[in-house]
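# Summary of the model geometry
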Amino acid sequence: MNSESLLAQFQATGVQTCFHNRHINPQILADLNGANWRLKDYEARGGYQALRQVLGQGGAPTMTPDQVIAVVKESSLRGRGGAGFPTGLKWSFMPRQFPGPKYLVCNSDEGEPGTCKDRDIMEFNPHIVIEGMIIAAYAMGIAVGYNYIHGEIFHTYQRFEEALDEARAAGYLGDNILGSGYNFQLHAAHGFGAYICGEETGLLESLEGKKGQPRFKPPFPASFGLYGKPTTINNTETFAAVPWIIRNGGPAYVACGKPNNGGTKIYSVSGDVELPGNYEVPMGTPFARLLELAGGVRKGRQLKAVIPGGSSSPVLPADIIMDCTMDYDSIAKAGSMLGSGAVIVMDDSRCMVKSLQRLSYFYMHESCGQCTPCREGTGWLSRVVDRIETGHGKPADMELLNSVAENIQGRTICALGDAAAMPVRAMLRHFMPEFEYHVVHKTCMVPAYV
Amino acid sequence: MISEKSKAAFAKEVAKYPADQRQSAVMACLRIVQQEHGWVSRESEKFVADYLGMAPMAVHEVTSFYNMYNQRPVGKYKLNVCTNLPCQLRNGARAMAYLKDKLGVDNNQTTADGLFTLQECECLGACADAPVMLVNDTNMCSFMSDDKLDQLVNGLRALEGKA
């Protein structure tokens, strides 16, 4: 026994979070068991058929890049990283006739608290991401791509490197892919602990070997991206959705979700549920159904609140979220965001002040320091929430918090400022009595927090 | 001071990027250095800077910006425990408190025998496995109940002859 084998005993197997039968019509996580991540297994599941179809192998005519983009547009696939931007539209922004290199980047810097889906995709089905990226590169005439992987999931990074080697050896990557004359080189890169690099231009800076401070937009990456060249950045899950769309067509993808919210989505359900894990279900699945799949609220407690799209998305009280379906439009209408699809569930033993205290500390810690409203403001938010939680709050503190949040939101280069401000404002909007109780009684209205 | 094995790993990283963009490999090179030496010294930064054709300050900017680079020596096993909200809801803070007690150190401290450095950290991206802990930047340990923390710490102590 050495330390490696000892530590390996504590590694997650994916059984609890991924290989369960509680997905609904899964496309990305279907038929996985942890052992079948290799190229031959992926091919046995129909893998790389979409690429062959695009390249005109097996009888069908070659698809033109425009045709590929048209299919993706028709599918209504929207970016799975958080913003929900239509993927086909994003691809169409890339200049077609640009003389010189263009780049494709996969954002696997999954650090939004609550989100753990891209890790499972890359760990247990890495080739689906590779195939999606090759097709995307073909559609945009790109010859080089990078997958930037969260530094904390090093095993996943190594797994992805291994999958890349397999794909190269099989002729799916490199020069003259499958004899088509088309070339695409794909490499893996990794972060090393900076939430901000999940922001696409922060990621580009990091990929250029710098500190990950986001860039002012415009110019957008499609005109000035990696090394100043046209670049398209999509999330891991977005690329992973592409092969199915090519094989089955855009309308079929829309049909398994709902209009303007096509396809399936992987929700990372964490917090106070019996069965935390990843759940791939059709877009538009009722929240109540998702909660049921995750085993319901733990220990039979009552649902209190849900953060529906990663820690940056505004919290929704139980009565609102229970009426929502899980898709971009329904969650937006309820006043929050689907974001990365990270569903953080909180039961009736949870103090909202204490919950916000930890989140506000996080944003202060991870602010890159570039913009004053965020650098200073996140510190203010954290310190003021902290003093309310620890019994030193003042009656004017809630107004102060709202004022600081308002002065951050919309005044920073990137969305981290908004991400820090929105949870504060939503917590105050929905749970003001808990904050007031803390200030008056110097203690918590909800004593448990266990 | 940098082993041949690490230098070969550097070369593999540099080869991923355009010839005029060697700097892109700095994140990986510093990680490789840390895997070999346990931390990133100024001398290592200088070596990486020379290797990649960067100013040493530009390398230091990277080392000091990203949370996972150790800017000073740490214990043989660096334990990073996530206490962010999804983990907090599933005993992440408790795991941290348990380790503080068990190891007799506070956050960001190293045990007297040099074996363990304990650090609270931000989201590791394994929220459904909470409580989670990352050991030496590479080994994600999931569902870390008090029992499993005991097994892990006691196991490592036994391996190092310090049980």
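Bear in mind that the values here come from a model prediction, so they are computed numbers and not experimental data.

Residues and elements named next belong to chain B. Here we have five strands laid out as an open sheet, ordered β2-β3-β1-β4-β5, and mixed in their pairing. Of all strands in the sheet, those with a lone pairing partner are β2 (109-110) and β5 (139-141), marking the two edges. As paired elements, strand β4 (residues 133-135) and β5 share three bridges and run antiparallel to each other. Following the sheet pairing, Val135 is matched in β5 by Asn139.

This part is about the side chain of His23 of chain A. Residues and elements named next belong to chain A. Relative to the helices and strands, His23 is located in the loop between α1 (3-8) and α2 (39-44). There is a polar contact of 2.9 Å between the side chain of His23 and the backbone nitrogen of Glu280. His23 has contacts with Cys18, Leu29, Asn278, Tyr279 and Glu280, leaving out every residue within four places of it along the chain.

Let us look at the pattern of salt bridges. Residues and elements named next belong to chain A. Going through the model one piece at a time under the given rule, you end up with 40 salt bridges over all chains. For Asp347, the salt bridge is made with Arg298, and the minimal N-O distance between the two is 2.8 Å. Here Arg298 lies in the loop between α12 (287-293) and β8 (303-307) and Asp347 lies in strand β11 (residues 342-347), a separation of 49 residues in the sequence. Of the residues examined, Arg298 reaches a relative accessible area of 10% and is grouped as buried.

Chain A puts 72 residues into the contact, and the matching count from chain B is 55 residues. For the pairing of chain A and chain B, the buried interface totals around 5,100 Å² over both sides, and the portion due to carbon and sulfur atoms is 60%. The largest per-residue losses of area from chain A upon contact with chain B belong to Phe10, Phe192 and Arg358 of chain A, which jointly make up 18% of the total buried on that side. Scanning the region where chain A abuts chain B turns up four salt bridges. As a salt-bridge pair, Arg358 of chain A and Glu122 of chain B come within 3.1 Å of each other at their nearest N and O atoms. At the surface where chain A touches chain B, the tally comes to 23 residue pairs in polar contact (both at pLDDT 80 or more). Looking at the side of chain A that touches chain B, the elements with two or more residues in it are α1, β2 (144-149), α8 (154-169), β3 (185-190), α9 (200-207), β5 (264-271), β11 and α15 (352-366) of chain A. Per element, the largest residue contribution to the side of chain A that touches chain B is eight residues, and it comes from α15 of chain A. Taken together, the residues of the side of chain A that touches chain B break down into 33 nonpolar, 24 polar and 15 charged.

In this structure, Trp91, Val129, Ile130 and Phe184 of chain A together with Tyr66 of chain B are the most contacted members of the largest nonpolar core, which totals 118 residues. Core analysis: the second largest hydrophobic core is formed by 31 residues, Leu359, Ile408, Val424 and Met427 of chain A among them.

A few words now on the packing of aromatic side chains. Aromatic ring pairs: the centre-centre distance and the angle between the two ring planes describe each pair. All names here are of chain A. The final tally for this structure, using the stated rule, is 19 aromatic pairs over all chains. Cation over ring: Arg159 sits above Trp37, and NZ or CZ is 4.0 Å from the ring centre. Seen from the ring of Trp380, Arg383 lies directly overhead, with NZ or CZ sitting 5.7 Å from the centre.

Attention shifts here to the pairing of β8 of chain A. All names here are of chain A. The element β8 is extensively covered by neighbouring structure, given that five of its five residues are classed as buried. Direction of pairing for β8 relative to β11: antiparallel, over a ladder of four bridges. By the bridge assignment, Ile307 is partnered in β11 with Ile344. In this sheet, strand β9 (residues 316-317) lies alongside β8 in antiparallel orientation, the contact comprising two bridges. Directly across from Ala305, in β9, lies its bridge partner Pro317.

What counts and how
- Residues numbered from 1 in each chain as written.
- Chains lettered and ligands numbered in written order.
- Predicted model: local features only at pLDDT ≥ 70, side-chain atom pairs only at ≥ 80, totals over all residues.
- Heavy atoms only, no water.
- Pairing = 2+ DSSP bridges.
- Helix = DSSP H or I, 4+ residues; strand = E, 2+ residues; numbered from the N terminus.
- Polar contact = N/O pair within 3.5 Å; in protein donor to acceptor, adjacent residues only side chain to side chain.
- Contact = heavy atoms within 4.5 Å.
- Salt bridge = Lys/Arg side-chain N within 4 Å of Asp/Glu carboxyl O.
- Buried < 20%, exposed > 50% of the residue type's maximum accessible area, 1.4 Å probe, protein only.
- Buried area = accessible area lost by both parts, 1.4 Å probe.
- Nonpolar A, V, L, I, M, F, W, Y, C, P; charged D, E, K, R; others polar.
- Core = buried A, V, L, I, M, F, W, Y, C linked by side-chain atoms within 4.5 Å.
- Phe/Tyr/Trp six-rings, centres within 6.5 Å; stacked < 30°, edge-to-face > 60°.
- Lys NZ or Arg CZ within 6 Å of the ring centre and 35° of its normal.

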